[in-house]
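# Structural characterization, general
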Amino acid sequence: MYDITVFGEILIDFTSQGINENGQMLYARNPGGAPANVAVAAGKLGAHTAFIGKAGRDMHGEFLQSVLKRENVDTTGLILDEQYFTTLAFVEVSETGERTFSFARKPGADTKLQKEEVEVDILDNTHIFHVGSLSLTEQPARDTTFYAVKRAKNKGSIISYDPNYRVSLWKDEEVAKQHMRSLVPYVDLMKISDEETVLLTDCKDIQEAAEALYRQGVKIVAVTLGAKGAYIYCKEGGSMVPGFTVTKPEDTNGAGDSFWGGFLYKISTSEKQLDELTIKELAEYARFGNAVASLCVAKKGAIPAMPRLSQVEERLEN
């Protein structure tokens, strides 16, 4: 039985490292992809995690597979395909840590996962099944996403969803809204950023957005607010959970994923049903997630920056 299984993209983040003496931008190769980030974040904390998805059988795909194995993420469901290249994301990080993305993904191997290729032995035996929306941008991955979500839900898994909007990967905003919202009716746990509230609900106010998602059947909603922390909403209402001060953020890449990996880890260790969790307990889980994220942004890269449980516990005590 897996605590958390993630589904979707795994890719290379070429992250800007400044300018060399010839005025050229330098990039560092980092393993990434939001679902993969979540799997590693939760795994480093102690969860038994698995990845389902596709990369290219190329230098990048083999590197990503080795990273997941090193981080003890089960890679039985990761297919390396000789026909397609591993998706590449070029990430420019500003002085304030904010990111701009440019993708090499036409098509990326992650968009080519077929239903028949999904490792059902993993899918049928996971406590939490987590997906993003990048697998909804193209076929056949879109249909495969719905197949996997429906099957996992029917087998009793908790369904987790992070839309993770990337504007350059969608034809336009209306198409993005249509497909990103189409998954919501199947979801139990959902994370959105404060910048995604209008996209997912037409509500700018975070409380109204959370309530709108709850009315559609999402049992627990988390709205991430960057350095300010997160807003959590459940049947008892909502709660603001302050973030941790990071004196010098190095890189916000993976911040939301590390938060969600920490939050899902706490959900996976709870022996309660989702409906039984109180807003006080969920706020504690969010504080834990905030601690994970604060440690992640203090280092460069996403997966390389994910902290271990002992580091998070130390942060929570300070």
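This one's a predicted model, so the numbers in the text were calculated from it and none came from an experiment.

This next bit is on the pattern of salt bridges. Applying the stated criterion across every chain yields a total of 11 salt bridges. Here Asp124 and Arg151 are joined by a salt bridge, their closest N and O atoms 2.7 Å apart. Within this pair, whereas Asp124 is found in the loop between helix H3 (120-123) and strand S8 (126-132), its partner Arg151 is found in helix H4 (residues 141-154), the two being separated by 27 residues in sequence. Ionic pairing is found between Lys219 and Asp188, a salt bridge with its closest N-O pair at 3.1 Å. Of the two residues, Lys219 sits in the loop between helix H7 (206-215) and strand S11 (220-224) while Asp188 sits in the loop between helix H5 (173-182) and strand S10 (189-193), which places them 31 residues apart along the sequence. With relative accessibility at 6%, the residue Asp188 sits in the buried group. Each of Glu174, Lys177, Arg181 and Asp202 takes part in a single network of salt bridges with overlapping partners.

Residue Pro107 is reached from Lys106 by a cis peptide bond, and omega for that bond is -10°. Mapped onto the secondary structure, Pro107 falls in the loop between strand S7 (99-104) and H3. For Asn72, which is not a glycine, the phi torsion comes out positive at approximately 65°. Exposure remark for Asn72: the relative accessible area of 63% places this residue in the exposed category. Of note in the backbone geometry, Asn164 takes a positive phi value of approximately 50° without being a glycine.

What follows covers the nonpolar core. Ile220, Phe263, Ile267 and Leu282 are the most contacted members of the largest nonpolar core, which totals 56 residues. Of all the elements, helix H9 (residues 279-296) adds the most residues to this core, at 11 residues. Not counting residues up to four positions away in its chain, the partners in contact with Leu282 are Ile220, Ile232, Cys234, Phe263, Ile267 and Leu277. The next biggest cluster of nonpolar side chains, apart from the first, holds 37 residues, and it includes Leu123, Leu136, Ala148 and Tyr161.

Now for the sheet that holds S10. Strand order in the open sheet made by the 9 strands is S5-S4-S1-S8-S9-S10-S11-S12-S13, with mixed pairing throughout. If you trace the sheet from one side to the other, it starts and ends with strand S5 (74-81) and strand S13 (237-242), each paired once. Taken over all neighbouring pairs, the strand axes of this sheet differ in orientation by 15° on average, direction set aside. When strand S4 (residues 49-56) meets S5, the two strands line up parallel, connected through 6 bridges. Following the sheet pairing, Ala50 is matched in S5 by Asp74. On the sheet, H4 packs against strand S1 (2-7), S8 and strand S9 (158-162) and is oriented at approximately 155° with respect to S8.

Moving on, we come to the packing of helix H1 (residues 34-45) against helix H8 (residues 255-269). With their axes 8 Å apart at the nearest point, H1 and H8 run at an angle of 50° to one another. By the angle between their axes, H1 is oblique relative to H8. Judged by the sense of rotation from one axis to the other, the crossing of H1 with H8 is right-handed. Contact with H1, carried on its side by Ala34, Asn37, Val38, Ala41, Ala42 and Leu45, involves Asp257, Ser258, Gly261, Gly262, Leu264 and Tyr265 of H8 and no other residues of that element.

Within the fold, Lys191 resides in strand S10. Dropping the residues within four chain positions of it, Lys191 is found in contact with Tyr161, Asp162, Pro163, Ala222, Thr224, Gly256, Phe259 and Trp260.

Here we take up the pairing of strand S2 (residues 11-19). Sheet topology places S2 next to strand S3 (residues 25-32); 7 bridges connect them, and they run antiparallel. Directly across from Ile12, in S3, lies its bridge partner Pro31. The antiparallel hairpin formed by S2 and S3 contains 5 residues in its connecting segment, where Gly23 sits at a positive phi of about 80°.

Over its 12 residues, helix H2 (residues 59-70) runs 16 Å from end to end, which matches the ideal 16 Å to within 8%, given 1.5 Å per residue. Residues His60, Gly61, Phe63, Leu64, Val67 and Leu68 constitute the buried set of H2. The buried residues of H2 occupy an angular sector of 160° when projected down its axis, which confines them to one face. Pointing more than 90 degrees away from the buried face of H2 are the exposed residues Met59 and Arg70. Residue Asp58 occupies the N-cap position of H2, its side-chain oxygen lying 3.1 Å from the main-chain nitrogen of His60.

Conventions we followed
- Residues numbered from 1 in each chain as written.
- Predicted model: local features only at pLDDT ≥ 70, side-chain atom pairs only at ≥ 80, totals over all residues.
- Heavy atoms only, no water.
- Salt bridge = Lys/Arg side-chain N within 4 Å of Asp/Glu carboxyl O.
- Helix = DSSP H or I, 4+ residues; strand = E, 2+ residues; numbered from the N terminus.
- Buried < 20%, exposed > 50% of the residue type's maximum accessible area, 1.4 Å probe, protein only.
- Core = buried A, V, L, I, M, F, W, Y, C linked by side-chain atoms within 4.5 Å.
- Contact = heavy atoms within 4.5 Å.
- Pairing = 2+ DSSP bridges.
- Axes fitted to C-alpha atoms, helices over the stretch in contact; angles between N-to-C directions.
- Parallel < 35°, antiparallel > 145°, perpendicular 65-115°, else oblique.
- Left-handed = near helix turned anticlockwise from the far one by under 90°.
- Expected span 1.5 Å × (residues − 1).
- Arc of directions from axis to C-beta.
- Polar contact = N/O pair within 3.5 Å; in protein donor to acceptor, adjacent residues only side chain to side chain.

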